[in-house]
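# Structure assessment
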Amino acid sequence: MAMSSASPKLGLFQGYGVEMEYMIVDRDTLQVKPISDEVLKAEVGELTSDVERGSMAWSNELVLHVLELKTNGPAPELPSLAGKFHGEVQRVNALLAPFNAMLLPTGAHPFMDPYQETKLWPHEASEIYEAYNRIFNCQGHGWSNLQSTHLNLPFKDDEEFGRLHAAIRLILPLIPAISAASPVLDGQVSGLLDTRLEVYRKNQAKIPLIAGEVVPEAVFSEAEYEARIFQPMFQAIAPYDPEGDLQDEFLNSRGAIARFSRGAIEIRIIDNQECPLADIAVVTLVSEVLKKLTSEEWSSYQDQQKAETSFLSSVFLSSLKKGSKTEVQHSDYLRLLGMAGEHATLQEIWEHLWQEVQGEAVFTAELSQSIRLILQEGCLSQRILKILGSSPSIDSIKDVYRELANCLALNQLYAP
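What you see is a predicted model; the values in this text were computed from it and never measured.

## Some remarks on the overall build of the protein
When its secondary structure is counted, the protein shows 17 helices and 12 strands. Expected size for 416 residues packed as a compact globule is a radius of gyration near 22 Å; at 20 Å, the protein falls within 12% of this value. For the protein, the C-alpha atoms occupy an extent of roughly 55 × 50 × 40 Å along the three principal directions. Burial status across the protein gives 61% buried among its 416 residues. If you take every contact in the protein between residues at least 6 apart in sequence, the share linking residues at least 24 apart comes to 74%.

This is how it looks when you write it as C-alpha cells:
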C-alpha cells in the first residue's frame, strides 16, 4: 500500500505513491522463478510479506514469481524516485544472484505458461488470494502475468476528489499510447501493443461490474462513488463471497480506483517499463498533465465532468491495439485538453501535452530526454516490435528480453 491512512490527509499533488511490479526469472533460461518469499526472507532473515527500507519498501504479490517495489508512504516529489527504485532493483538482483535469478521488467512475461507455472503466494493474507482463486481461477495471464506501475495521487476532501477523478478519467484513455509494454504473450506477438490490459480487463468477466469499462464512471463525490460503484459491485460478488473477504475497496479493478481509506486515487493502467527512469518519466508526465487539468488551465471542471464514459472507453480500447496511431474524432474532448481542431491522433495529443508541460521544473534533463525518446521512438512495445517483427523465434524473443533485463539493471531506456 503506497499511501497509509494513518498519515495526515495530503492535498492534490502534495505526495506521490509509486509501486512497480517485477518478474523474477532464471538468468539463463528467463523462465519464471517462484521465489519472492525467498528474496524477502534473504533481506530480513525471516519469512515476511513486507520489507521496509527507509523511504522504500518491498512486498509480495498474488503470485510467487512477482515482487513489488514501492515508496514507503507518499514521496514528496517524483524525479528522485528513478534513482531510488534503481537502488532497490540492484539490491534485489544481488539477493537473487545466488539463485541464478534476476528481475525482468515489462508488462507481461513473453512466454510463461500460466496454467503450468503459476504458484500463488501461500503465506499470510493468503485467504484473500484463495477467495480470488476460488471465484476466478487465478491461473491465466490475467492474474499471474501482468506487471504494472501504479501511481497513487492524494486528495484531502470531496471537492479535491471530484477534480482529480474528473481529470484522471480524461487522461486514462491516452496513457497506453506511451506506456504499453506487453506486445508478446505465449511466445507470440499478440497483435496488441498492450496485451496486459486486454487480459486485465477480462480477468473478472464473470462479474463485469468489478472492472466496469476500465475508465471509471462519471462520479465526483465519495457518496456517489459508494452508491454507483462500490455497492453494485459488492452485491454482484456476494453470492460467490459469502464470507465477505473481497467486499472491500480493493476489489475495484477499474483503470483508476478511489482508495478513500487512504485519501488517494490509484492509476493502474501503466505497464511496467524497462527501467525505473522510464517509469518515472511516464508517471511524471501524467502527473503534470493532471495538474494542468485540475487547475482548470485548459477547461473548466464542470466541462471535464461531462466527458462520456463510453467515448473515453472506446479510445482506451483502440489504444491497446493502435497505440499512438489511435484517432480521436471529438472536438469537445480535444478542447478539454487545450487543443483546437476536429481530430487528432494520440501521438499528436501527447506531443501537444508535452509542449504544454515540458517547461516545469520537475522535468530533469534525464526525465525530459526519456519522454522525448518515448514520443519519438514509440512506447516500449513499439520499440520491441521494431526488432522482433511479427513472427519472431523464441530465441529472438529471449535475446530482446535479456536486453530489457540489462536495461533494468543499468536503469537505461531501451533504444534499439
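## Regarding helix α2 (residues 81-96)
With 16 residues, α2 should reach 22 Å at 1.5 Å per residue; the first-to-last C-alpha distance of 22 Å fits that figure. Listed in full, the buried residues belonging to α2 are L81, A82, F85, H86, E88, V89, V92, N93, L95 and L96.

## Some remarks on a negative patch on the surface
Taken together, the side chains of D157, D158, E222 and E226 define an acidic patch exposed on the protein surface. Among the structural elements, E222 can be located in helix α9 (residues 222-237).

## Digging into the pairing of strand β10 (residues 264-271)
When you tally the buried positions in β10, you get 8 out of 8 residues, the bulk of the element. Relative to β10, strand β6 (residues 148-154) is paired through 6 bridges, and the arrangement is antiparallel. Among the inter-strand pairings, L151 is bridged to a residue of β10, identified as I267. Bridging between strand β9 (residues 256-259) and β10 involves 4 bridges; their strand directions are antiparallel. What sits directly across from R259, in β10, is A264. Following β9, the chain reverses through 4 residues before pairing antiparallel with β10; G263 in that reversal takes a positive phi of roughly 60 degrees.

## With respect to the nonpolar core
Grouped together as the largest cluster of nonpolar side chains are 113 residues, with contacts concentrated most on I267, L290, I349 and W350. A per-element tally of this core places helix α10 (residues 276-294) first, with 11 residues. Membership of the second largest hydrophobic core comes to 18 residues, among which are V25, M102, L388 and C407.

## What about the packing of aromatic side chains?
Pairs of aromatic rings are described using the distance from one ring centre to the other and the angle between the two planes. With the rule as written, the count across this model stands at 11 aromatic pairs. When the centroid spacing of 5.7 Å and the interplanar angle of 5 degrees are considered together, the rings of F230 and F234 count as stacked. Here the residue F230 and the residue F234 both occupy positions in helix α9, the gap between them amounting to 4 residues, near one helical turn. The two residues F230 and F234 agree in class, both being buried. Summarising the aromatic geometry, the rings of W354 and F363 are spaced 4.9 Å apart at their centres and angled 90 degrees between planes, so their arrangement reads as edge-to-face. Exposure remark for W354: the relative accessible area of 5% places this residue in the buried category. A residue is classified by how much of its surface remains accessible, and F363, at 8% relative accessible area, is buried. Connected via pairs of aromatic rings, a cluster forms that spans F155, F161, Y225, F230, F234 and F260.

Conventions and cut-offs
Here the residue numbering is sequential within each chain, running from 1 through the sequence in written order. In keeping with the model being predicted, local features are shown solely for residues with a pLDDT of at least 70 and side-chain atom pairs are shown and tallied solely at 80 or more, while totals for entire chains, interfaces and linings include all residues. With hydrogens and water excluded, all non-hydrogen atoms of the structure serve as input to the side-chain values. Only DSSP runs of H or I reaching four residues or more are called helices, and only runs of E reaching two or more are called strands; each is numbered from the N terminus. Atoms considered for the radius of gyration are the C-alpha atoms alone. The globule rule reads 2.2 Å times the number of residues to the power 0.38. Partly exposed describes any residue whose relative accessible area lies between the buried limit of under 20% and the exposed limit of over 50%, with all areas from a 1.4 Å probe on protein chains only and scaled to the type maximum. Here, residues are in contact when the closest pair of their heavy atoms is within 4.5 Å. By this rule, a helix spans an expected 1.5 Å times one less than how many residues it contains. Each patch is assembled from residues with relative accessible area greater than 30% and no salt bridge, linking like charges that lie within 9 Å and nonpolar side chains (Val, Leu, Ile, Met, Phe, Trp, Tyr) that lie within 5 Å. In these tables, accessible area is a Shrake-Rupley quantity obtained with a 1.4 Å probe, and a residue counts as shielded only by the protein chains included in the view. Salt bridges are defined by distance alone: a side-chain nitrogen of Lys or Arg within 4 Å of a carboxyl oxygen of Asp or Glu. His residues and chain termini do not enter the charge count, which takes Lys and Arg as positive and Asp and Glu as negative. Charge coordinates come from a single atom per side chain, which is NZ of Lys, CZ of Arg, CG of Asp or CD of Glu. Two strands are counted as paired when DSSP detects at least two bridges linking them. Buried residues of nine kinds, namely Ala, Val, Leu, Ile, Met, Phe, Trp, Tyr and Cys, make up a nonpolar core once their side-chain atoms join them within 4.5 Å. Pairs were defined over the aromatic rings of Phe, Tyr and Trp, the Trp ring being its six-membered one, requiring ring centres within 6.5 Å. Orientation was assigned from the angle between planes: stacked under 30 degrees, edge-to-face over 60, tilted for the rest.

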